[in-house]
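Summary of the model geometry
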Amino acid sequence: MDNLHSKVSDNASLEMLEKSKADCVETCFDRAEHQKTHCSFGLKGVCCRVCHMGPCRITVKAPKGICGADADTIVARNFLREVAAGTSAHSDHGRHLILKLKHVAEGKAEGFAIKDEKVLLLNARRYGIETENRGINSIALDLANLFLNEFSSQEETLKTLELAPKKRQGIWEAKGIKPCGIDRMVVESMHRTSIGVDHDYKNLLMHAFRTALSNGWGGSRIASIVSDILFGTPSPLKSSANLGVLKEDTVNILIHGHEPAISEILTVAVSAPEIKEYAKNAGASGITIAGICCTANEVLMRHGVPLAGNMLQQELAIITGAVEMMVVDVQCVMPGLIDAAKEYHTEIVSTTDMAKTIGAKHMAVGEVNPLAAAKEIVKRAIDNFKKRDKSKVKIPADKEELVAGFSVDAIKYMLGGKYRASFRPLNDAIIQNRIFGVVGIAGCTSTKRRTDEYINVLTEELLKRNILVLQTGCAAISSAKAGRLTPETALKIAGPGLREVCEAVGIPPILHLGSCVDNTRILEAATEIINEGGLGEDLGTLPAVGVAAEWMSEKAISIGCYFVASGVDIFLGNPFYTSGSANVHNYLHGTDADGGVTKDFGACFHYYDDPLEAAKRITEIINAAREGLGINRKEERKLFDMKDRRAI
Ligand code: SF4
Ligand code: MSK
């Protein structure tokens, strides 16, 4: 029990871990025990297998690989390959959405439509697409083609880079790292890291930042924009989180992965009258649809679909014995799900041709009549309800209320109202030191740490220090499970300045901005703050920091790199695999003799094992930024009166 307690923080997960023992079901937590002695060459990043003279491993006795590659080259090459993989995942997600938009515009995507014409028109105008006297579909087609060109352009730099503050664009220009087409950046990463090409660790790392920029200001940014066009721009809504959202008397369907298109259509399918009737006839009182990981965040943000849990709860959800089906798409879906599902009546259904698992039922939701395909999936889940073994069912009671749906538009609206939507009140609150700074907390949970703990300890400490927290991905689910994504958190935890602002505006002190691809919404919000004025002209001058607290995915490395290249310091709760090269490690962490990456971009990576130590250093960095902006004067503390509230 103590041992299990050291693995997970929330009670629901603990209960399910105990049940996994009783039911003899293996989970990632057991497999982590079996993998405990990690390969030290892997941890240091000094294993190279890019050619078949190797694999070569760097040691004191063998400081070079067979070709002569040293630790610096090997570690930097491995790092760049991780960035390229992370960039591919997020950007390919973006590409799939653009293709969906294109098919909608061409009238080929049944069941889908353009939900937010305002965002479509705004983006079309941004890129010089004619919008006057034209049909919405033809504008959408032009925008989809323009976005597709962001993947394939060979020499022209990405148009979406222009969304960044001018000063930052100048820094990228001066460094020669404005990315061209996203596909080209990834292909070049693989080329440079193949045997006998790029051996200069700094040159390799610079391309890592360039590739990551093509993700943050390209593929991921486009993914968020197109999602809003197709599925609607999120606005605040209430929902709930943790395994207690499952119900004993309903058919329970979990949606898991990242891409929102299929889960969107599933949410439509479960509301169809004939499907509800089908569920009743099977003896269920209804259908509960809930999410895991970032697909969960996508449908939460737009429909209030509850969060069953984050990444490391995917098997634990099945262990409730109450899940009829888990419908998966891409990314962060463990192959181990199949073994867990075998012990119950749960069926794992894969929906994307590029992501299959032996043992999962494959039911692709294609372009032709996707709603019918989605209804077939739901009916199959309902059929499974009859196979549920009640003696194996145990649903934890734990579930917490939450408020999510904070797109940048929604934040603007909350701050300024319909007619004066703007970031001005937030900028003023920062300048007046009611809000000390802003921290974005993103990333996963990992078996290397007690789940959710780093995220929740750090978040609490930051709130106490009057720091507004923006969250995405599984980190946001960690806070949701702790009951922190509510306005009441301001009263219970936040420092006095932050509390005043949250009370006046009516927002929680932790804003849930979406899935891990939506980290670009944090960049968008930061750019809005710059454009609003009074806090410098570049992202690097803001009193703002990013955190990947419990990260584990290659996507997080790419995200970290595009934030650092954008001038935002990134704190890591788990280290990179770069310690085998002092040069690479020191460059990335800004600790080499000439300032490393900080000299290039004004920001670097920081690794802190202890969240409270991280909070201290974050405070120092924010304080230094405030000093730089000349806004560190002491404000007389006063409570907001009616006049102040009206002004906000
Ligand atoms: Fe070894 Fe060089 Fe081949 Fe890497 S590229 S496996 S270091 S010979
Ligand atoms: S799902 S990438 S564990 S945030 Fe986006 Fe969560 Fe990290 Fe996967």
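Preceding block: the structure.
Calculation notes
- Residues numbered from 1 in each chain as written.
- Chains lettered and ligands numbered in written order.
- Predicted model: local features only at pLDDT ≥ 70, side-chain atom pairs only at ≥ 80, totals over all residues.
- Heavy atoms only, no water.
- Helix = DSSP H or I, 4+ residues; strand = E, 2+ residues; numbered from the N terminus.
- Buried < 20%, exposed > 50% of the residue type's maximum accessible area, 1.4 Å probe, protein only.
- Contact = heavy atoms within 4.5 Å.
- Areas by Shrake-Rupley, 256 points an atom, 1.4 Å probe, with all protein chains shown as cover.
- Lys, Arg positive; Asp, Glu negative; His and termini not counted.
- Charge placed at Lys NZ, Arg CZ, Asp CG, Glu CD.
- Pairing = 2+ DSSP bridges.
- Right-handed = clockwise from strand over helix to strand, strands pointing away.
- Phe/Tyr/Trp six-rings, centres within 6.5 Å; stacked < 30°, edge-to-face > 60°.
- Axes fitted to C-alpha atoms, helices over the stretch in contact; angles between N-to-C directions.
- Salt bridge = Lys/Arg side-chain N within 4 Å of Asp/Glu carboxyl O.
- Near = heavy atom within 4 Å.
- Nonpolar A, V, L, I, M, F, W, Y, C, P; charged D, E, K, R; others polar.
- Core = buried A, V, L, I, M, F, W, Y, C linked by side-chain atoms within 4.5 Å.
- Arc of directions from axis to C-beta.
- Patch = residues over 30% accessible without salt bridge, like charges linked within 9 Å, V, L, I, M, F, W, Y side chains within 5 Å.

1. Details of the overall build of the protein chain
Assigned secondary structure in the protein chain consists of 28 helices and 16 strands. If one aligns the C-alpha atoms of the protein chain with their principal axes, the spans along those axes are about 70 × 70 × 60 Å. In the protein chain, buried positions account for 61% of the 648 residues. Within the protein chain, residue pairs in contact and separated by at least 24 positions form 75% of the contacts whose partners lie at least 6 positions apart. Carbon and sulfur atoms form 51% of the exposed surface of the protein chain, whose accessible area is close to 24,700 Å². Here the protein chain holds 77 positive side-chain charges and 80 negative ones, and the gap between their average locations is 1 Å.

2. Concerning the pairing of strand S11 (residues 437–442)
Burial analysis of S11 places 6 of its 6 residues in the buried class, the great majority of the element. Alternating residues of S11 divide into Gly437, Val439 and Ile441 and Val438, Gly440 and Ala442, and every residue in both groups is buried. Here S11 pairs with strand S12 (residues 467–472) via 5 bridges, running parallel. Along S12, the bridge assignment pairs Val438 with Leu468. In terms of handedness, the path from S11 via helix H19 (residues 453–464) over to S12 forms a crossover that is right-handed. One ladder, built from 5 bridges, connects S11 with strand S14 (residues 544–548); its direction is parallel. When the bridges of S14 are listed, Val438 appears paired with Ala544.

3. Here we look at the packing of aromatic side chains
In total, this model carries 9 aromatic pairs according to the counting rule given. Aromatic side chains Tyr127 and Phe147 sit 5.8 Å apart centroid to centroid with 80° between the ring planes, which places their arrangement in the edge-to-face category. Note that Tyr127 is positioned in the loop between helix H6 (117–126) and helix H7 (136–152) and Phe147 in helix H7, a separation of 20 residues in sequence. Aromatic pair Trp551 and Phe576: ring centres 5.6 Å apart, planes at 65°, arrangement edge-to-face. Highlighted residues: Trp551 in the loop between S14 and helix H24 (554–565) and Phe576 in the loop between strand S15 (570–572) and helix H25 (582–588), separated in sequence by 25 residues. Its relative accessible area of 6% is what places Phe576 among the buried residues.

4. Some points on the sheet that holds S11
Ordered in space as S13-S12-S11-S14-S15-S16, the 6 strands form an open sheet in which the pairing is parallel. Edge positions in the sheet fall to strand S13 (510–514) and strand S16 (605–607), since each of these pairs with one other strand and no more. For this sheet, the mean inter-axis angle between neighbouring strands, taken without regard to orientation, is 25°. Each of S11, S12, S13, S14 and S15 is contacted by H19, which is oriented at about 150° to S12, the strand it contacts most.

5. Focus: the pattern of salt bridges
Evaluated as defined, the whole model comprises 43 salt bridges. For the salt bridge of Glu188 with Arg184, the shortest nitrogen-to-oxygen distance reads 2.8 Å. Of this pair, Glu188 and Arg184 both sit in helix H9 (residues 182–192), 4 residues apart, which is roughly one turn of that helix. One salt bridge connects Lys616 with Glu613, and the closest N-O pair in it is separated by 3.2 Å. Within this pair, Lys616 and its partner Glu613 are both found in helix H27 (residues 611–629), separated by 3 residues, close to a single helical turn. Here Glu613 falls in the partly exposed class, since its relative accessible area comes to 36%. Each of Asp228, Glu298, Arg302, Asp518 and Arg521 takes part in one network of salt bridges that share partners.

6. Section: the site of ligand 1
The immediate surroundings of ligand 1 are formed by Cys48, Val50, Cys51, Met53, Gly54, Cys56, Gly65, Ile66, Cys67, Arg77 and Ile195. Partitioned by chemical class, the residues of the shell around ligand 1 number 8 nonpolar, 2 polar and 1 charged.

7. Things to note about the side chain of Ser227
Within the secondary structure layout, Ser227 lies in helix H10 (residues 201–231). Contact partners of Ser227, with chain neighbours within four places excluded, come to Leu97, Gly232, Pro260, Glu298 and Arg302.

8. Here we look at the nonpolar core
The biggest cluster of nonpolar side chains holds 173 residues, and the ones touching the most others in it are Phe209 and Ile441. No other element matches the 16 residues that H10 contributes to this core. Residues contacting Phe209, with those up to four places away along its chain left out, are Ile177, Cys561, Val564, Ala565, Tyr587, Leu588, Val597, Phe601 and Phe605. Counting residues in each nonpolar core, the second largest holds 39 residues, with Leu243, Val328, Ile338 and Ala341 among its members.

9. Some thoughts on helix H22 (residues 496–505)
Counting buried positions along H22 gives 7 out of 10 residues, so the element sits mostly inside the fold. Among the residues making up H22, those that are buried are Gly497, Leu498, Glu500, Val501, Cys502, Ala504 and Val505. Directly after H22, the chain includes Gly506, whose backbone phi takes a positive value near 85°.

10. A closer look at unusual backbone geometry
Negative phi values dominate among residues other than glycine, just as trans dominates among peptide bonds. In this structure, Pro55 follows Gly54 across a cis peptide bond, with omega equal to 5°. Among the structural elements, Pro55 can be located in the loop between strand S1 (47–48) and strand S2 (56–57). Although it is not a glycine, Asn369 sits at a positive phi angle of roughly 45°. Here Asn369 is to be found in the loop between strand S9 (361–362) and helix H16 (370–385).

11. Considerations on H9
Residues spaced three or four apart along an α-helix point in a common direction, a consequence of the helix completing one turn every 3.6 residues. Within H9 the residues assigned to the buried category are Ile182, Met185, Val186, Glu188, Ser189 and Arg192. Buried residues along H9 cover an arc of 160° about the axis, so they all sit on one side.

12. Some words on the environment of Gly216
The topology assignment puts Gly216 in helix H10. On the accessibility criterion, Gly216 (0% relative accessible area) is buried. Residues Gly216 and Leu523 lie 307 residues apart in sequence; the distance between their C-alpha atoms is 8.4 Å.

13. Thoughts on a nonpolar patch on the surface
Together, Met53, Ile66 and Ile195 give the surface a local cluster of nonpolar side chains, amounting to about 300 Å² of exposed area. With respect to the secondary-structure elements, Ile66 resides in the loop between S2 and helix H5 (71–105). By relative accessible area, Ile66 is classed as exposed at 56%.

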